[in-house]
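Residues per chain, in single letters:
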Amino acid sequence: MQRAIQGVRPFGWTLLGQLWLFVLLLVAVAGIPVQAAGAGDYWTLDQYYDRYPEQLPWLAELGQAVREEPVLLPAGIQQRPVRIAQVYPGLQASSYWSDSEKALTGRLADLGIEYQLETRYTSPNTQLGEQIRQIRELLNWQPDYLIYTLDSPRQKQLVERLIQNTDTRLILQNITTPLKAWEKRQPLMYVGFDHTEGARLLAYHFARRFPDANYGVLFRSKGLVSQMRGSGFIQALPAEHQLRSSYYSDSSREGGRSAALRMLREHPELDYIYACSTDVALGTLDALQQLQRNDVMVNGWGGGPEEIEQLRAGHLPIVLMRLSDEAGMAIAEAIRRELLGQPVPRVYSGRFVVLDDQMSEDEIRRYEAHAHRYSGGESAQ
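About the cut-offs
Residues numbered from 1 in each chain as written. Predicted model: local features only at pLDDT ≥ 70, side-chain atom pairs only at ≥ 80, totals over all residues. Heavy atoms only, no water. pLDDT = per-residue confidence, 0-100. Contact = heavy atoms within 4.5 Å. Pairing = 2+ DSSP bridges. Helix = DSSP H or I, 4+ residues; strand = E, 2+ residues; numbered from the N terminus. Axes fitted to C-alpha atoms, helices over the stretch in contact; angles between N-to-C directions. Parallel < 35°, antiparallel > 145°, perpendicular 65-115°, else oblique. Nonpolar A, V, L, I, M, F, W, Y, C, P; charged D, E, K, R; others polar. Expected span 1.5 Å × (residues − 1). Buried < 20%, exposed > 50% of the residue type's maximum accessible area, 1.4 Å probe, protein only. Arc of directions from axis to C-beta.

1. Re the confidence of the model for the protein chain
- With 86% of its residues at a pLDDT of at least 70, the protein chain reaches an overall mean of 87.
- Every residue in residues 31-36 scores below 50 in pLDDT, and together they form 10 contacts with partners more than four places removed in sequence or on other chains.

2. Some words on the sheet that holds strand β3 (residues 145-149)
- Reading across from one edge, β2-β1-β3-β4-β5-β11 is the order of the 6 strands in this open sheet, with parallel pairing throughout. Looking at the sheet topology across the chains shown, the edges are occupied by β2 (115-121) and β11 (347-349). Averaged over all adjacent pairs, the angle separating strand axes in this sheet is 20°, with direction ignored.
- Strand direction decides the pairing type here: β3 and strand β4 (residues 169-173), joined by 5 bridges, are parallel. Across the sheet, the residue bridging to Y148 is L172, located in β4.
- Across the face of the sheet, helix α6 (residues 153-165) comes into contact with β3 and β4 while running at roughly 165° to β3.
- In the packing of helix α12 (residues 325-339) onto the sheet, contacts are made with β1 (82-88), β3, β4, β5 (189-192) and β11, and the angle to β5 comes to roughly 150°.

3. Overview of the packing of helix α11 (residues 305-312) against helix α13 (residues 361-371)
- Between α11 and α13, the shortest axis-to-axis distance is 12 Å and the interhelical angle comes to 175°. On the basis of their axis angle, the class for α11 and α13 is roughly antiparallel. Mapping the contact onto sequence places I308, L311 and R312 in α11 and E361, I364, R365 and E368 in α13.
- Along the lines of polarity and charge, the residues of the contact of α11 with α13 split into 3 nonpolar, no polar and 4 charged.

4. Here's the deal with the sheet that holds strand β7 (residues 241-247)
- Read from one edge to the other, the open sheet built from 6 strands follows the order β7-β6-β8-β9-β10-β12, with strand pairing classed as mixed. Each end of this open sheet is capped by a strand with a single partner; those strands are β7 and β12 (352-356). Taken over all neighbouring pairs, the strand axes of this sheet differ in orientation by 20° on average, direction set aside.
- Sheet analysis places strand β8 (residues 272-275) next to strand β9 (residues 297-302), joined by 2 bridges and oriented parallel. Looking across to β9, one finds that I273 is bridged to V298.

5. Some words on helix α5 (residues 128-140)
- Helix length check: α5, at 13 residues, gives a terminal C-alpha distance of 18 Å against a target of 18 Å (1.5 Å per residue), a fit within 8%.
- Residues of α5 that are buried: L128, Q131, I132, Q134, I135, L138 and L139. The buried residues of α5 occupy one face: seen down the axis, they fall within an arc of 165°.
- Positive phi shows up at Q142, right after α5, with a value of about 60°.

See below:
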């Protein structure tokens, strides 16, 4: 068993316990029918804070720590290095996940926190069996924290088994809406950027550009992220914007291209296509180039280097940029709070800014530098 560190429970496993958990994880993807979470299955941030107002002071303290310069952990607090395991869907054009890791490790170093980190990568939404194997391997390492994500129904089943059968602290990244079913035993933290808020910001900017319009929506693969980004956008638009077509993709650039080609051939009258992720946006640009269409507008979702390059080239006139490093920084600051015995807010949602083709190069560079204080300007999704 690991020695306890201040603010973190000791974590130990018997061989029987490890085998039993592995069986439970396998059941999560054994072909048992599962239903995707609907809007009524999770709390929006406003709903959650109405229910748990005591969280607000902790959130304010964590948010202030993220925005300000790092404060070194006092000497003598840490008994041993913190063990952190990550299982990330980072094999994609987006570098959101690798940038988050840079922000996490950079902030931990600036805070003077000793740590050991093990990271495993897969493709998004297509390699759940591999993710299970990676999680089992990392749990054998006995981490204090496991950072994972939640998008698909199968991942939801997997996470439920983790929070019910492990003592390691689970941090869910890229989701900021707590699930109601887990009210009695939630993960330590949800951290990321509010997908619905980002979608609403983009809807506002499209509404300013087009008094009325015909548009299509290209989702990522089916899951919570697509639901919140897509539905949030559609619901925020004025009635003068008419949805003519929508497709799910497989979250890849090629999947985005194929879906966009089908959409544009069936509905050539579209004024713009709302893309729900970086890879889908880049695939849509590929389709427009293939069809030699320069009269259809597409947005970026994330604000990483490939999107910024396309913004500068005039191909993505609107780009939603996350202040990307804030997610990794928030996780590091949350670990610091635990080491000090301070409460950690259940949810941390980072900030957005919308970049467009009306901004100067200096403005864009300033936003890039601020969004990527640790990662050096490589992020998106």
